[in-house]
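# An overview of the molecular structure
Take a look at the letters that make up each chain.
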Amino acid sequence: ALPICNSMNGSMTITAESVPCCKQGSTCSRIVRIGTMHKTIVMKDGEVTEEANDMNTGDMVSYQVSKNGRYTNVKMPNGIEVSSDGGTAVKIALAPRWKDQKVCGLCGNNNGDMTDDNTARDGSPRASTINFANTWKNDAARSEEH
């Protein structure tokens, strides 16, 4: 079973499309998507756009966009802020109210205990960082590997 934080009831997702870049084998996060129940906010090349979701009921999701040097920032009213330089850096900041809440993913679970942050999508602990990260790839990225 999936952890409760993966349920669609009031959930929000943040995904990054990683593509190879540079000669050293690095990956760049060219597109960052912030998915809400009503719309998807897309950060790409320093610009922020919106895409309607299938479940769009017409409700507005307010957010603030700002620039700080090379970073584009999207601040959500729920206390989550996403910053991207359009290259190799994506930062996610959670307001204090998110401590010990239903948060999961590559950034851990935000409970203050770093020993349980490598939890796979299915809720099981993973010792290998690569194995842990691979469980969080979306279906499109998994299908490209096979």
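Computed from a predicted structure; not experimentally measured. (Residues numbered from 1 in each chain as written. Predicted model: local features only at pLDDT ≥ 70, side-chain atom pairs only at ≥ 80, totals over all residues. Heavy atoms only, no water.)

At D45, a residue that is not glycine, the phi angle is positive and equals roughly 50 degrees. Within the element layout of this structure, D45 appears in the loop between strand 3 (39–44) and strand 4 (47–52). Residue class for D45 comes out exposed when judged on its relative accessible area of 58%. Phi is positive for N110, which is not a glycine, with a value near 60 degrees. Note that N110 resides in the loop between strand 8 (90–94) and helix 1 (129–135). (Helix = DSSP H or I, 4+ residues; strand = E, 2+ residues; numbered from the N terminus. Buried < 20%, exposed > 50% of the residue type's maximum accessible area, 1.4 Å probe, protein only.)

On to the pairing of strand 8, then. Where strand 7 (residues 80–84) meets strand 8, five bridges bridge the pair, whose relative direction is antiparallel. When the bridges of strand 8 are listed, V82 appears paired with I92. Following strand 7, the chain reverses through five residues before pairing antiparallel with strand 8; G86 in that reversal takes a positive phi of roughly 75 degrees. (Pairing = 2+ DSSP bridges.)

Taking strand neighbours across the sheet as the criterion, the four strands line up as 5-6-7-8 in an open arrangement whose pairing is antiparallel. In this open sheet, the two strands that pair with only one neighbour each are strand 5 (64–68) and strand 8. When strand polarity is set aside, the average angle formed by the axes of neighbouring strands in this sheet is 20 degrees. (Axes fitted to C-alpha atoms, helices over the stretch in contact; angles between N-to-C directions.)

Bringing the pattern of salt bridges into the picture now. Enumeration according to the criterion identifies five salt bridges in this entry. Among the ionic pairs, E51 bridges to R33, the shortest N-O distance being 3.3 Å. Here R33 lies in strand 2 (residues 26–35) and E51 lies in strand 4, a separation of 18 residues in the sequence. Residue E51 is classed as partly exposed on the basis of its relative accessible area of 38%. Judged by relative accessible area, which is 29%, R33 ranks as partly exposed. A salt bridge links D100 to K99; the shortest N-O distance between them is 3.9 Å. With relative accessibility at 43%, the residue K99 sits in the partly exposed group. (Salt bridge = Lys/Arg side-chain N within 4 Å of Asp/Glu carboxyl O.)

By themselves, these are just geometric observations and shouldn't be taken as functional.
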